[in-house]
Amino acid sequence: MTDASTRNEQSGERHDEVKRRSAELFGVLTDPRTTPSARAAARDGLVALHQPLVEHCARRFRDRGEPSEDLLQVGAIGLLKAIDRFDEDRGVEFSTYATPTILGEIKRHFRDKGWAIRVPRRLQELRLQITATSAELTQSLGRSPTAAELADRIGCSVEEIVEGLESGNAYATLSLDAGDDSEDGAATMLDSLGADDANLAHIDLRESIKPLLERLGHREKRILLLRYFRNMTQSQIAEEIGVSQMHVSRLLTRTLAELREGLEEA
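Starting afresh in each chain, residues are numbered from 1 along the sequence in its written order. Per-residue local features are limited, in this predicted model, to residues with pLDDT of at least 70; the limit for side-chain atom pairs, both in listing and counting, is 80 or more; totals at the level of whole chains, interfaces and linings are taken over all residues. Side-chain measures here rest on the full set of heavy atoms in the structure, leaving out hydrogens and waters.

- The name given to the protein in an unreviewed UniProt entry is RNA polymerase sigma-70 domain-containing protein, and the organism recorded there is Nocardioides panacihumi.

And the structure:
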């Protein structure tokens, strides 16, 4: 007997043993006479017995940016759901029933938890389809498929393919504190971003008031300059231009009123 035949025979024996043991444990789990402690022990036994199935399913998603430990935990949740929902009367082997449940739980984890920026579930699922279909077409065509070929195989538009591919940029983000790969390593992404210009909020007002200021007399312009750009008091302005503080006050009040009226008319 060859080594391959021996391995196949041993694998078949393990499968039969797992199947037999599963039937026993499910019998205990579903028996109404079973005590709560025995039922919990049977459930734990089923989890331990089918842990290799969880590991097999989790390996299908390796190298996708999620820790293996997290995938195993999520897969174990899917296994528990499968155990709780399994009905022996359906005549389906448990591993056959549990596999899509475990895979679905892992895929749901990627959709809901694995994205740095939240994108619609439709795009998340489309991206998974694109990844799988791209691998199939690459193998059959001997090259990377075009967007049109992907769209034709999946049954959607080219625009949707492009949208699905672009959504992949939301899966992993770069920290604003990350370096820019320069030799000194000092600059960060944050250093390259601009800041809000507070003056932009007042640009309309400044442009509207310019022609009004140009129509003012020299003395009125000077009073505004000294008061609002040099922060001088009315008394200081009075000394500067050689008039009384009361006169400065009247001129300032009248000038501001004229500017307000001009802005309202504009």
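## Quick notes on the overall build of the protein
- Secondary structure elements follow DSSP: runs of H or I of four or more residues count as helices, runs of E of two or more count as strands, with numbering from the N terminus. Check the secondary structure of the protein and you find twelve helices and zero strands.
- Walking the protein from its N terminus toward its C terminus, one meets helices and strands in the order α-α-α-α-α-α-α-α-α-α-α-α.
- For each residue, the accessible area found with a 1.4 Å probe, counting protein chains only, is set against the maximum for its type, and the residue is called buried under 20%, exposed over 50%, and partly exposed in between. Within the protein, buried positions represent 27% of all 266 residues.
- Across the protein, the fraction of contacts at a sequence separation of at least 24, relative to all contacts at a separation of at least 6, is 52%.
- Accessible surface area values rest on a Shrake-Rupley calculation with a 1.4 Å probe, where residue burial reflects the displayed protein chains alone. A total accessible area of about 18,000 Å² is found for the protein, and carbon and sulfur atoms account for 50% of it. Residue contacts are defined here by distance: any two heavy atoms, one from each residue, within 4.5 Å place the two residues in contact.

## Let's talk about the UniProt feature "domain: RNA polymerase sigma-70" (unreviewed entry) in the protein
- UniProt positions are given in the numbering used here, feature names are shortened, and annotations may be inferred rather than shown by experiment. Within the UniProt annotation, "domain: RNA polymerase sigma-70" (unreviewed entry) is assigned to residues 70-83.
- Between the C-alpha atoms that bound residues 70-83 the distance is 20 Å, and the span itself is 100% helix and 0% strand.

## Considerations on the packing of aromatic side chains
- Two rings belonging to Phe, Tyr or Trp (six-membered ring only in the last case) form a pair when the distance between their centres is within 6.5 Å. Interplanar angles under 30 degrees mark stacking, angles over 60 mark edge-to-face geometry, and anything in between is tilted. Inspection of every chain in the model, using the stated rule, returns four aromatic pairs.
- When the ring of Phe86 is compared with that of Phe94, the centres are 5.2 Å apart and the planes differ by 80 degrees; the resulting orientation is edge-to-face. Of the two residues, Phe86 and Phe94, neither departs from the other in class, the shared state being buried.
- Here the aromatic rings of Phe86 and Tyr97 are separated by 5.6 Å at their centres, their planes lie at 50 degrees, and the arrangement is tilted.

## Focus: the nonpolar core
- Formed by 24 residues in total, the largest nonpolar core has its most connected members in Phe26, Leu79, Ile83, Phe94, Ile102 and Ile106.
- Secondary-structure elements contributing two or more residues to this core are helix H1 (3-30), helix H2 (36-49), helix H3 (51-59), helix H4 (68-85) and helix H5 (94-113).
- Of the residues forming this core, the biggest block, seven residues, is contributed by H5.
- In this structure, Leu224, Met232, Ile237 and Val248 belong to the second largest nonpolar core, which totals twelve residues. Only buried residues count toward a nonpolar core, which is a set of Ala, Val, Leu, Ile, Met, Phe, Trp, Tyr and Cys residues joined through side-chain atoms within 4.5 Å.

## What to know about the environment of Pro145
- Within the secondary structure, Pro145 sits in the loop between helix H6 (121-141) and helix H7 (147-154).
- Residue classification places Pro145 among the buried positions, given a relative accessible area of 14%.
- Pro145 has contacts with Ser134, Leu137, Thr138 and Leu150, leaving out every residue within four places of it along the chain.

## What to know about the pattern of salt bridges
- Salt bridge, as applied in this entry: a Lys or Arg side-chain nitrogen positioned within 4 Å of an Asp or Glu carboxyl oxygen. Considering all chains together, one arrives at twelve salt bridges under this definition.
- Salt-bridge contacts for Glu17 lead to Arg20; the nearest nitrogen and oxygen are separated by 2.5 Å. You can see Glu17 and its partner Arg20 sitting in helix H1, three residues apart, about one turn around the helix.
- The exposure class of Glu17 is partly exposed, given its relative accessible area of 38%.
- Arg20 gets classed as partly exposed once you look at its relative accessible area, which sits at 40%.
- Residues joined in a network through salt bridges with shared partners are Glu17, Arg20, Arg21 and Glu24.

## Section: helix H10 (residues 218-228)
- If you check which residues of H10 are buried, you get Glu220, Ile223, Leu224 and Leu226.
- On its buried face, H10 sits against helix H9 (203-214), helix H11 (234-241) and helix H12 (245-265).

## Considerations on the packing of H10 against H11
- Lines fitted to C-alpha atoms define the axes here, with helix axes fitted over just the stretch in contact, and angles between the N-to-C directions of these axes take values from 0 to 180 degrees. Where H10 contacts H11, the two axes come as close as 10 Å, and the packing angle between them is 135 degrees. The angle between H10 and H11 places the two elements in the oblique class. In this structure, the crossing between H10 and H11 has a hand that is right-handed. On H11, the residues touching Arg219, Arg222, Ile223, Leu226 and Arg227 of H10 are Ile237, Glu240 and Ile241.
- Partitioned by chemical class, the residues of the contact of H10 with H11 number four nonpolar, no polar and four charged. Here is the rule for angles: anything less than 35 degrees is roughly parallel, anything more than 145 is roughly antiparallel, 65 through 115 is roughly perpendicular, and the remaining ranges are oblique. Crossing handedness follows the turn of the near helix against the far one: under a right angle anticlockwise gives a left-handed crossing, and clockwise gives a right-handed one. Gly is placed with the polar residues, together with every amino acid not listed as nonpolar (Ala, Val, Leu, Ile, Met, Phe, Trp, Tyr, Cys and Pro) or charged (Asp, Glu, Lys and Arg).

## A few points about unusual backbone geometry
- Phi is positive for Asn231, which is not a glycine, with a value near 55 degrees.
- Within the fold, Asn231 resides in the loop between H10 and H11.

## Some remarks on H6
- In this scheme, a helix's expected span is set at 1.5 Å multiplied by one less than its residue total. Across its 21 residues, H6 extends 29 Å between first and last C-alpha, which sits within 8% of the 30 Å expected from 1.5 Å per residue.
- Buried within H6 we find Leu123, Gln124, Leu126, Ile130, Thr133 and Leu137.
- A positive backbone phi angle near 80 degrees is found at Gly142, which sits one or two residues after H6.

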